[in-house]
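One-letter residues, chain by chain:
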Amino acid sequence: MTEPPRDRPAAGGVTWDAVPSRDKVGTEIFDLLAELYPICRSISGDGVRQTLSIVSEHLPLAQTEVPTGTKVFDWTVPREWNIRDAWIAAPDGRRVVDFRESNLHVLGYSTPIRARLPLTELKERVFTHPTEPDWVPYRTSYYKENWGFCLSGNQLAALEDGEYEVCIDSTLEPGSITYGEALLEGASEREVLLSTYCCHPSLANDNVSGIAFLAILGSYLCKMELRYSYRFLFSPGSIGPIAWLARNEPSLDRIAHGLVASCLGDPGPMTYKRSRRGSAEIDRAVETVFRDGDREPRIRDFVPLGGDERQFGSPGINLPVGALSRTPADEFRGYHSSADDLALVEPWALGDALHAYLAVIDTLERNHVYVSTSPKGEPQLGPRGLYRSIGGGSFEEGPILWVLNLADGDHDLLAMAERSGLPFPVLADAAELLFRHGLLER
Amino acid sequence: MTEPPRDRPAAGGVTWDAVPSRDKVGTEIFDLLAELYPICRSISGDGVRQTLSIVSEHLPLAQTEVPTGTKVFDWTVPREWNIRDAWIAAPDGRRVVDFRESNLHVLGYSTPIRARLPLTELKERVFTHPTEPDWVPYRTSYYKENWGFCLSGNQLAALEDGEYEVCIDSTLEPGSITYGEALLEGASEREVLLSTYCCHPSLANDNVSGIAFLAILGSYLCKMELRYSYRFLFSPGSIGPIAWLARNEPSLDRIAHGLVASCLGDPGPMTYKRSRRGSAEIDRAVETVFRDGDREPRIRDFVPLGGDERQFGSPGINLPVGALSRTPADEFRGYHSSADDLALVEPWALGDALHAYLAVIDTLERNHVYVSTSPKGEPQLGPRGLYRSIGGGSFEEGPILWVLNLADGDHDLLAMAERSGLPFPVLADAAELLFRHGLLER
Amino acid sequence: MTEPPRDRPAAGGVTWDAVPSRDKVGTEIFDLLAELYPICRSISGDGVRQTLSIVSEHLPLAQTEVPTGTKVFDWTVPREWNIRDAWIAAPDGRRVVDFRESNLHVLGYSTPIRARLPLTELKERVFTHPTEPDWVPYRTSYYKENWGFCLSGNQLAALEDGEYEVCIDSTLEPGSITYGEALLEGASEREVLLSTYCCHPSLANDNVSGIAFLAILGSYLCKMELRYSYRFLFSPGSIGPIAWLARNEPSLDRIAHGLVASCLGDPGPMTYKRSRRGSAEIDRAVETVFRDGDREPRIRDFVPLGGDERQFGSPGINLPVGALSRTPADEFRGYHSSADDLALVEPWALGDALHAYLAVIDTLERNHVYVSTSPKGEPQLGPRGLYRSIGGGSFEEGPILWVLNLADGDHDLLAMAERSGLPFPVLADAAELLFRHGLLER
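Predicted, not measured: the structure shown is a model, and the values here were computed from it.

A.B. asks: When you look at the overall build of chain A in this model, what are you seeing that I'm missing?
C.D. replies: A tally of helices and strands in chain A yields 12 helices and 18 strands. Considering only contacts in chain A between residues 6 or more positions apart, those separated by 24 or more positions represent 80%. Total accessible area on chain A is roughly 16600 Å²; 48% of this is exposed by carbon and sulfur atoms. Measuring between centres, the 43 positive side-chain charges of chain A sit 3 Å from its 63 negative side-chain charges.

What follows is the structure, given as structure tokens:
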């Protein structure tokens, strides 16, 4: 008695069968993370280019060079910095601090120096961690010319009086900053922007994790038939998104949704920071995925402190871009120090985060505004085989009835999930079933 | 010194003097309920017609027949079902299941059958209650041709092997479905719709209670001078309201407010399920009545599961119709089973519900948008005798001052009750006093 | 490398250096309060004029007389009442009740009388406190001709049988009511209205405190360069604001914000009653000042009971005027009785309230809608000296980044304080810094 379902196009969505388990895909991300970890990155220079090349083995990237001196909105692209070596030699000639042991030892963007100086003067050029004597801090001086070293407090305390020799074999010269991007074309020109920063040296969670994570995420998404196009952006923090936004300003209205990805390897719960708009579709999608899940994620309002969401959420840009991480930068133990090493990140955490990202993408893909073709009274579901034939007992048509009732053109599926309390995928399945039966239009 | 109050028309409202006490009017409802209880009703057939005839002794109804095959929105009116007798005879000829003992024993809309069959085959035609071995469940098969019996689990377990004879002396033929309605004309053509379903057989709370309740409510309302017109609708569930809506579509905008009445006899607290609109005047009226009362009623958001509010709240209809019951169907112990019998309903509960309905009606009747005729500063109440003459002591002009302050055309009396926290009747009395003094206009 | 800050006009605000400490300025208010306390005020008469003259020594007032019989909105100005003496003499000739001991002993607006009458008749003319036998209550009869005395319960109980002589040497004749006002002109013609009532006789907190408070507040404000103009109004309750509003109706749109000041000397926490609008700028300013403070103040919704905010918040006027007091009238022990004497008010409480008023005024003065001149991406703060030069460590640019991010024309500074949770003065300082750097416009 049931009508044959009509042939209608699919609703879009993640091909879950193509996605490995959390542990397996997490190990894949971890392996790439470990490969990228040793490279010395900064907001410009060959370390960034080398990073983008390795990412391209998983997700082919187009690299863009923006020359020193280019005006991008209020900013000017700085000179390019590269470094080959750096060290401090003790009075007895022994290298007591060595860039080759950790690239954190050099103040980022240090100008070249080769000099001899007594310990008292050297100490004025040394940064230590404010609370942890074992950790080497991460420090930079991008916009004021400077040079210096970062040591652990214990290292510094062990230095004996005398004359030291210091060497920073770096260049700070006209050149360019570099960013990489990939566009996975979907059925629509409307884009989901996935952005991360690639300017931090050997810091595992913040943010080699974000780089490796997006590379592997892209390698899976590119195999799926998706409704949206997906744009991946790997760029140096602040100046990178600003340069990208300035160069792409005319086409920013293609960006329908976006996420800044970072700090995805620590074992803390997932954390979402809302877009500046606060209740954009991406915000509602993440919140619904969190609600439907069994973990205890954290949701926070937008604040103009943090990462590159500051630029996407500046008042003249105001794109619907949130930030989805595990423990946000500056909240996990080890942040901006040598303690943010490979031991801090865990494969399962990376894989779990990837599944969470895919659930958000699946939600965006499947979220439509459906409109009932039979809005007056309920449609008669029984003859279509959509209703239990024996009445009086338990009632299992909830998702179908919710979708039909709210298919008034004012509710997208996310709104139905919010109002009904039902899981989004359950409603999306019900909507696709009704759509095939001709009871809904998109 | 006070001006004589001007002669102005009354504000409408319930004539409380004409309403018996909760216990007395509850007994009146109970007696009618007990009279209607034994009749075998379904979504069509003579049981419905007999029920409507008995109701008409209290509230004269116009009966409408909608023929089998009529298209009403997405639905088609089904064939008419009638039943004279049904039984199962044991191998020894003894009737072990008998429709005359309880009309629940037959699967509703069973096609006629007379056959002999072994116990194993009979069992495939038998429905029992999923959890309670003593209860006979209520089951139907309206839209798929079927026949069967409903037994208690204990009854079924007691059947011994052997060949049984079954008989269902029913007809399922072209005919019609039947609904009854009454319109009590008030000062305005705008209507309050009071609807209930009359398709359930011998189930006392769900929903002979609703039928008897509306009949008696109508018998009192018809003696009052009311502002709104009141339309009572008794119809089979789902198909009834759909047919009524389809036939009355051009004049649905007359429906200003509405309530679906059901399950009004159990001792649980009153429960209100909001209309799909969520904050319509009827929703605000019921919530204010609940707030002003001393019981602990329950308020719930609209969900598209439940009773006929699903049809009134379908997206293309979307009338402001809530559902006001005691314990909703499928939440009280005994729901859809032989345990929903006369012992489950209590006269005081029926009478208490009637008083609650009248309080809601009184609120709708008296709710106006009043506008101050003296909006700049307070009007001088003392010379009008509306203010205490000795100043400095306690202050009792609260309701008058609230009404005057909010009589700006943006607040109806319900909004004043919500904002002030004062009981609605107190504000309504104050408004009517000020209206008689010419300080308010409607 | 930083640009020199441009020369731009100041943002307005309180000159805090010119304000004495809480204790010192509180003593100043208390001394004036003690001077005004003994005067017998009412809604008309020489007591009001004498009060306004003393206030003028601190804040020069223009006095307005509104003649008896003048129609002001719905009200008619009553006759003027003056009193010279009043007493009750016992059968033995001894004065047992004497106006010269306390002006509370006479029912306000008592008509003149000189008569002999037995105790039983006298008792019908006597008011006592409903709960406290030691207290003389404060009572009036403005709008119904009457005469009477107010006694403590103990006084009344001590009266022995016999014939008493009573005398009220008062006049109730055509005259006028009187109000005083002062306008401190600021840079803008937009006004902040500060209003209090001066119709209560010897009641210290309610409301000689409000009179003395506004006088001293005005004496400090008049020395500052302010953005708004400040209008001070001292008038008899209800009839005073109504007369003032009626006479100034064409220019009421100059009133941008307002506060009713009363009951400012008791030791209870500050209490704010919102304007009728509920979320006007004055409401948000007071709530932010309360939030940023370390006390536990109380915030309440507008209700049309209370003081003169009833008139400013009548539906046809609806000015954004809240009421800011310590413990509101009728909530402190001693209200409207002889117990509301000088012992009930404390200098520190008066001074603390004055600082709270100034904080609110400072907030109104400094609250602007700033708009970023560089809204796309963050502006580059480093070269302007607005950003720490060493990156990677702690982060102290929060207020600057919040202001820049929300400087979109939709947020005033109060909205930024609400959304960021940062103290208003911190954001105002940041905004003024950015404004001087040309990064914001007003």
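A.B. asks: Looking at this structure, I do not really get the confidence of the model for chain A. What am I missing?
C.D. replies: Do not read the predicted coordinates in detail wherever pLDDT is low. Residues and elements named next belong to chain A. Looking at chain A as a whole, its pLDDT mean stands at 94, while 96% of the residues score no less than 70. Residue range residues 1-9 is modelled with pLDDT below 50. Its contacts to residues more than four positions away, or to other chains, number 18 contacts. The complex prediction reports pTM at 0.91, with the ipTM value standing at 0.90.

A.B. asks: Help me understand a negative patch on the surface in this model?
C.D. replies: Residue and element names in this part refer to chain B. A grouping of E28, D31, E35 and E57 is seen on the molecular surface, where their side chains present a negatively charged patch. Relative to the elements of secondary structure, E28 occurs in helix α1 (residues 22-36). Relative accessible area serves as the criterion here: at 30%, E28 is assigned to the partly exposed category.

A.B. asks: Help me out: how do you make sense of the relation of the copies chain A and chain B in this one?
C.D. replies: These two copies of the chain differ by a rotation about an axis and a displacement along the same axis. Take chain A, turn it by 120°, move it 0.1 Å along the axis, and it overlays chain B with an RMSD of 0.1 Å. What the rotation and shift describe, once combined, is the action of a three-fold rotation axis. Closest to the rotation axis within chain A is the C-alpha of S279 of chain A, separated from it by 13 Å.

A.B. asks: Please explain the packing of helix α10 (residues 398-406) of chain A against helix α11 (residues 413-420) of chain A as it appears in this structure.
C.D. replies: The packing of two helices is summarised by the inter-axis angle and the distance between the axes. Residues and elements named next belong to chain A. Their axes nearest at 10 Å, the elements α10 and α11 cross at an angle of 120°. If you check the angle between α10 and α11, you find them oblique. Handedness of the crossing formed by α10 with α11: right-handed. Along the contact surface, α10 presents W402, V403 and L406, while α11 presents L413, M416, R419 and S420. Of the residues contributing to the contact of α10 with α11, the split by class is five nonpolar, one polar and one charged.

A.B. asks: In this structure, what is going on with the interface of chain A and chain B? I would like to understand it.
C.D. replies: Interfaces are often described in size by the accessible area the parts lose on coming together. Each partner contributes to the interface: chain A provides 24 residues, whereas chain B provides 28 residues. Summed over the three residues of chain A that lose the most area to chain B, namely K376, E378 and Q380 of chain A, the buried surface amounts to 28% of that side. Across the pair E249 of chain B and K376 of chain A runs a salt bridge, and its minimum N-O distance is 2.5 Å. No other element matches the six residues that α10 of chain A contributes to the side of chain A that touches chain B. In terms of residue class, the side of chain A that touches chain B is made up of 10 nonpolar, nine polar and five charged.

A.B. asks: Would you mind going over the packing of aromatic side chains with me for this structure?
C.D. replies: Each aromatic ring pair is described using two quantities: the centre-to-centre distance and the angle formed by the ring planes. Using the criterion set out here, one finds 24 aromatic pairs over all chains in the structure. Measuring from centroid to centroid gives 5.7 Å for W75 of chain A and Y143 of chain A, while their planes differ by 80°, and the two rings are edge-to-face. Here W75 of chain A, found in strand β3 (residues 75-76), pairs with Y143 of chain A, found in the loop between β7 (126-127) and β8 (149-150); they are 68 residues apart in sequence, far enough to count as distant. Judged by relative accessible area, which is 7%, W75 of chain A ranks as buried. Between Y109 of chain C and Y142 of chain C, the ring centres sit 5.4 Å apart and the planes meet at 85°, which makes this aromatic pair edge-to-face. Of this pair, Y109 of chain C sits in the loop between β5 (95-98) and β6 (113-118) while Y142 of chain C sits in the loop between β7 (126-127) and β8 (149-150), placing them 33 residues apart in sequence. Looking at Y109 of chain C, the relative accessible area reads 1%, which means it is buried. Taking the ring centre of F435 of chain B as reference, the NZ or CZ of R442 of chain B above it sits at 4.1 Å.

A.B. asks: Got a minute to help me understand the interface of chain B and chain C in this structure?
C.D. replies: With 24 residues of chain B at the interface, the matching set in chain C holds 28 residues. Between chain B and chain C lies a buried interface of about 2300 Å² when both sides are counted; carbon and sulfur atoms form 52% of it. The three residues of chain B that bury the most area against chain C are K376, E378 and Q380 of chain B, which together make up 28% of that side's buried surface. Taken together, the links from chain B to chain C amount to four salt bridges. At the surface where chain B touches chain C, the tally comes to 14 residue pairs in polar contact (both at pLDDT 80 or more). Among the elements that make up the side of chain B that touches chain C, the one with the highest residue count is helix α10 (residues 398-406) of chain B (six residues). Each residue belonging to the side of chain B that touches chain C can be placed in one class, and the counts come to 10 nonpolar, nine polar and five charged.

A.B. asks: I would appreciate a short explanation of the packing of helix α5 (residues 204-221) of chain B against helix α9 (residues 347-366) of chain B in the present structure.
C.D. replies: All names here are of chain B. It is the contact of α5 with α9, at a shortest axis distance of 11 Å, that shows an interaxial angle of 50°. Viewed along their axes, α5 and α9 adopt a mutual orientation that is oblique. Crossing of α5 over α9 shows right-handed handedness. Of α9, the residues touching α5 (which contributes S209, F213, L217 and L221) are L350, A353, L354, Y357, L358 and I361.

A.B. asks: What's the story with the sheet that holds strand β5 (residues 95-98) of chain A in this structure? I'm lost.
C.D. replies: Strand pairing in a sheet relies on backbone hydrogen bonds. The paired strands run either parallel or antiparallel. Residue and element names in this part refer to chain A. Taken in spatial order, the four strands make up an open sheet running β5-β4-β9-β6, and their pairing is antiparallel. Across the chains shown, the open sheet's two edge strands, defined by having one partner strand only, are β5 and β6 (113-118). Here the strands of the sheet are splayed against their neighbours by 20° on average, with no regard to which way each runs. Across three bridges, strand β4 (residues 80-89) lies against β5 in antiparallel orientation. Bridge assignment links W87 to a residue of β5, and that residue is D98.

A.B. asks: Would you mind going over the side chain of S42 of chain C with me for this structure?
C.D. replies: Residue and element names in this part refer to chain C. Structurally, the position occupied by S42 is in the loop between α1 (22-36) and α2 (46-56). Classification of S42 as buried rests on a relative accessible area of 4%. In contact with S42, other than residues within four places in its own chain, are V48, W81, Y109, Y142, C198 and C199.

A.B. asks: Sorry, what's going on with the pairing of strand β16 (residues 321-325) of chain A here?
C.D. replies: When a strand is regular, its side chains alternate between the sheet's two faces. All names here are of chain A. By the criterion of burial, β16 is predominantly enclosed, with five of the five residues buried. Burial of the side chains of β16 extends over both faces: V321, A323 and S325 are buried on one face and G322 and L324 on the other. Pairing of strand β13 (residues 255-261) with β16, which is carried by four bridges, proceeds in the parallel orientation. The residue bridging G258 from the neighbouring strand is V321, located in β16. Here three bridges tie strand β14 (residues 271-273) to β16, and the two strands are oriented antiparallel to one another. The partner of T271 across the bridge, within β16, is S325.

A.B. asks: Teacher, can you tell me more about the environment of E173 of chain A here?
C.D. replies: Residue and element names in this part refer to chain A. Positionally, E173 belongs in strand β9 (residues 163-173). According to the relative accessible area criterion, E173 is partly exposed, its value standing at 45%. Note: C-alpha distance between E173 and F213 (40 residues apart in sequence) is 32 Å. When neighbours within four sequence positions are excluded, E173 is seen to be in contact with T68, R79 and E80.

A.B. asks: Please explain the sheet that holds strand β1 (residues 62-67) of chain B as it appears in this structure.
C.D. replies: All names here are of chain B. In space, the eight strands of this open sheet follow the order β1-β10-β12-β11-β13-β16-β14-β15, with mixed pairing throughout. The sheet terminates laterally at β1 and β15 (298-300), the two strands that pair on one side only. Neighbour-to-neighbour, the strand axes of the sheet open up by a mean angle of 20°, direction not taken into account. Here strand β11 (residues 191-197) pairs with strand β12 (residues 229-235) via seven bridges, running parallel. The residue bridging L194 from the neighbouring strand is F232, located in β12.

A.B. asks: Could you clarify how one ought to interpret helix α12 (residues 424-436) of chain C in this entry?
C.D. replies: Because each turn of an α-helix spans 3.6 residues, side chains separated by three or four positions end up pointing in the same direction. Residue and element names in this part refer to chain C. An ideal rise of 1.5 Å per residue puts 18 Å on 13 residues; α12 measures up with 18 Å between its terminal C-alpha atoms. Along α12, the residues that are buried comprise F424, L427, A428, A430, A431, E432, L434 and F435. On its buried face, α12 is in contact with α7 (281-292), α9 (347-366), α10 (398-406), α11 (413-420) and β18 (440-441). Backbone geometry just downstream of α12 places G438 in the positive-phi region, at approximately 75°.

A.B. asks: Just to check I follow, could you spell out the state of the cysteines for this structure?
C.D. replies: Here, disulfide denotes a covalent bond that connects the sulfur atoms of two cysteines. All names here are of chain B. Applying the stated criterion across every chain yields a total of zero disulfides over all chains. In this structure C150 is a free cysteine whose sulfur lies 11 Å from that of C40, the closest cysteine sulfur available. A relative accessible area of 0% places C150 in the buried class.

A.B. asks: How should I be thinking about α11 of chain A in this particular structure?
C.D. replies: Residues and elements named next belong to chain A. Across the eight residues of α11, six count as buried, placing the element largely inside the fold. All of the buried residues in α11 are L413, L414, A415, M416, A417 and S420. Summarising the contacts, the buried residues of α11 are in contact with α7 (281-292), α9 (347-366), α10 and α12 (424-436). G421 sits one or two positions beyond α11 and adopts a positive phi of about 80°.

Each value, and the rule that gives it
- Residues numbered from 1 in each chain as written.
- Chains lettered and ligands numbered in written order.
- Predicted model: local features only at pLDDT ≥ 70, side-chain atom pairs only at ≥ 80, totals over all residues.
- Heavy atoms only, no water.
- Helix = DSSP H or I, 4+ residues; strand = E, 2+ residues; numbered from the N terminus.
- Contact = heavy atoms within 4.5 Å.
- Areas by Shrake-Rupley, 256 points an atom, 1.4 Å probe, with all protein chains shown as cover.
- Lys, Arg positive; Asp, Glu negative; His and termini not counted.
- Charge placed at Lys NZ, Arg CZ, Asp CG, Glu CD.
- pLDDT = per-residue confidence, 0-100.
- Patch = residues over 30% accessible without salt bridge, like charges linked within 9 Å, V, L, I, M, F, W, Y side chains within 5 Å.
- Salt bridge = Lys/Arg side-chain N within 4 Å of Asp/Glu carboxyl O.
- Buried < 20%, exposed > 50% of the residue type's maximum accessible area, 1.4 Å probe, protein only.
- Least-squares fit on C-alpha atoms with pLDDT ≥ 70 in both.
- Axes fitted to C-alpha atoms, helices over the stretch in contact; angles between N-to-C directions.
- Parallel < 35°, antiparallel > 145°, perpendicular 65-115°, else oblique.
- Left-handed = near helix turned anticlockwise from the far one by under 90°.
- Nonpolar A, V, L, I, M, F, W, Y, C, P; charged D, E, K, R; others polar.
- Buried area = accessible area lost by both parts, 1.4 Å probe.
- Phe/Tyr/Trp six-rings, centres within 6.5 Å; stacked < 30°, edge-to-face > 60°.
- Lys NZ or Arg CZ within 6 Å of the ring centre and 35° of its normal.
- Polar contact = N/O pair within 3.5 Å; in protein donor to acceptor, adjacent residues only side chain to side chain.
- Pairing = 2+ DSSP bridges.
- Expected span 1.5 Å × (residues − 1).
- Disulfide = S-S within 2.5 Å.

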